[in-house]
Amino acid sequence: MIMPANPFQVSNEAEIPSPSLLVYPDRIFRNLERMLQIAGGPERLRPHVKTHKLPEVVGMQISQGIKNFKCATIAECEMTAGSGARDVLLAHQPTGPNAARLRFLAERFPRVTWGAVVDDAGVVRVLSDLFAGAPEPLRVYLDLDCGMRRSGIAPGEEAFALCETVASAPGLELAGLHAYDGHNHEPNVEKRTAQCEADFAPVLAFQKKLRAA
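So, a few notes on the structure that sits alongside this text. Every chain is numbered independently, its residues counted from 1 as its sequence is written. Local features in this predicted model are restricted to residues whose pLDDT is 70 or higher, and side-chain atom pairs enter the listing and the counts only when it is 80 or higher, whereas totals over whole chains, interfaces and linings include all residues. Side-chain measures here rest on the full set of heavy atoms in the structure, leaving out hydrogens and waters.

## Some thoughts on the overall build of the chain
Next up, step 1: Strands here are runs of E lasting at least two residues and helices are runs of H or I lasting at least four, both read from the DSSP assignment and numbered beginning at the N terminus. Regarding its fold elements, the chain presents 7 helices and 5 strands.
Next up, step 2: The order of helices and strands in the chain, counted from the N terminus, is α-α-β-α-β-α-β-α-β-α-β-α.
Next up, step 3: In terms of overall dimensions, the chain has a C-alpha envelope of 60 × 45 × 30 Å along the principal axes.
Next up, step 4: The buried share of the chain, taken over its 213 residues, is 34%.
Next up, step 5: Accessible surface is estimated by sampling points in the Shrake-Rupley manner with a 1.4 Å probe; for residues, cover comes only from the protein chains shown. As presented, the chain carries roughly 12,700 Å² of accessible surface, and 54% of it is formed by carbon and sulfur atoms.
Next up, step 6: Charge assignment: positive for Lys and Arg, negative for Asp and Glu; neither His nor the chain ends contribute. Where a charge sits is defined by one atom per residue type, namely NZ (Lys), CZ (Arg), CG (Asp) or CD (Glu). On the chain, the mean spot of the 23 positive side-chain charges and the mean spot of the 25 negative ones are 2 Å from each other. Burial classes follow relative accessibility: with a 1.4 Å probe on protein chains only, a residue under 20% of its type's maximum area counts as buried, one over 50% as exposed, and anything between as partly exposed.

## Some remarks on the packing of aromatic side chains
Next up, step 1: Aromatic pairs are defined between Phe, Tyr and Trp rings, using the six-membered ring for Trp, whenever the two ring centres lie within 6.5 Å; interplanar angles under 30 degrees are classed as stacked, those over 60 as edge-to-face, and all others as tilted. Within this structure, the stated rule accounts for 1 aromatic pair.
Next up, step 2: Taking 5.1 Å as the distance between ring centres and 85° as the angle between the ring planes, the aromatic pair formed by Phe8 and Tyr24 counts as edge-to-face. Pair noted here: Phe8 is in the segment before helix H1 (25-39) and Tyr24 is in the segment before H1, with a separation of 16 residues, a long-range link.
Next up, step 3: By relative accessible area, which is 44% here, Phe8 ends up partly exposed.

## Quick look at the pattern of salt bridges
Side chains that differ in sign of charge can pair as their charged atoms come close.
Next up, step 1: Here, a salt bridge means any side-chain nitrogen of Lys or Arg that lies within 4 Å of a carboxyl oxygen of Asp or Glu. This structure, assessed with the given rule, holds 7 salt bridges.
Next up, step 2: For Lys53, the salt bridge identified is with Glu76, shortest N-O distance 2.4 Å. Here Glu76 lies in helix H3 (residues 74-82) and Lys53 lies in the loop between H1 and helix H2 (55-63), a separation of 23 residues in the sequence.
Next up, step 3: Two residues, Arg108 and Glu78, come together in a salt bridge whose shortest N-O distance is 2.2 Å. Here the residue Arg108 occupies a position in helix H4 (residues 97-108), and Glu78 occupies one in helix H3, the gap between them amounting to 30 residues.
Next up, step 4: Taking relative accessible area as the criterion, Arg108 reaches 46% and is therefore assigned partly exposed.

## Quick notes on unusual backbone geometry
Next up, step 1: With an omega dihedral of 0°, the bond running from Ser18 to Pro19 counts as a cis peptide bond.
Next up, step 2: Following the sequence through the fold, Pro19 ends up in the segment before H1.
Next up, step 3: Positive phi values are uncommon outside glycine, yet Lys53 reaches one of about 60°.
Next up, step 4: A positive phi angle, near 60°, is found at Arg149, a position not held by glycine.
Next up, step 5: With respect to the helices and strands, the residue Arg149 is situated in the loop between strand E4 (138-144) and helix H6 (157-167).
Next up, step 6: By relative accessible area, which is 64% here, Arg149 ends up exposed.

## Describing the packing of H3 against H4
Next up, step 1: Angular values range over 0 to 180 degrees, each being the angle between N-to-C directions of two axes fitted as lines to C-alpha atoms, with helices fitted over their stretch in contact. Remark: H3 packs on H4, axes separated minimally by 10 Å, with the N-to-C direction vectors making an angle of 5°. Considered as vectors, H3 and H4 are oriented roughly parallel to each other. Judged by residue contacts, Ile74, Ala75, Cys77 and Glu78 of H3 engage Asn98, Arg101, Leu102, Leu105 and Arg108 from H4.
Next up, step 2: The nonpolar class holds Ala, Val, Leu, Ile, Met, Phe, Trp, Tyr, Cys and Pro. Asp, Glu, Lys and Arg form the charged class, and all remaining residues, Gly among them, are polar. Broken down by class, the residue content of the contact of H3 with H4 amounts to 5 nonpolar, 1 polar and 3 charged. Note that the term roughly parallel is reserved for angles under 35 degrees, roughly antiparallel for angles over 145, roughly perpendicular for angles of 65 to 115, and oblique for everything else. Contacts between residues were defined by any pair of non-hydrogen atoms, one from each residue, lying within 4.5 Å.

Now the structure itself:
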């Protein structure tokens, strides 16, 4: 296949208002195919919609068998659920009005499995009060800090106690662990891999302890 000299060349520039967001579906589908190949299948993926924030792209992902999605904001959660997603995870701890808005979305989109991350017992109590009467429990992932120092709780006794709190809270289901090594910017692949393994060693040890319990 011969690629054009400028694959982003637009043939009808005079008809497009400026500024505009241009989307190249063929390239997106090629990226999705590559993503699925790397992951090993759609069931192993939970793409983050903050990278595009577009219902059309969510639809493309769903057409490739992807069902689980991750969102940074309540607005993204609403967009993703409205685009046909079946499992939506809010990747930050919902506090204040966002907790109530999440409960509203669960009511509005009952076919969606809803989840959120937590690292605080007070938030767990708020979410439990909100979801105690919901038809389906809110799936809660314990947010673990593996070195980024931005959010989450360090793997250890306090984290274990918080898991017990979630597991016994009405309206909530302890669904798993959430950890993100966004601080790892090492450009060398071998060094980056070694740092990743070192950062996740406490997480895996904590996971083993939870399974044993």
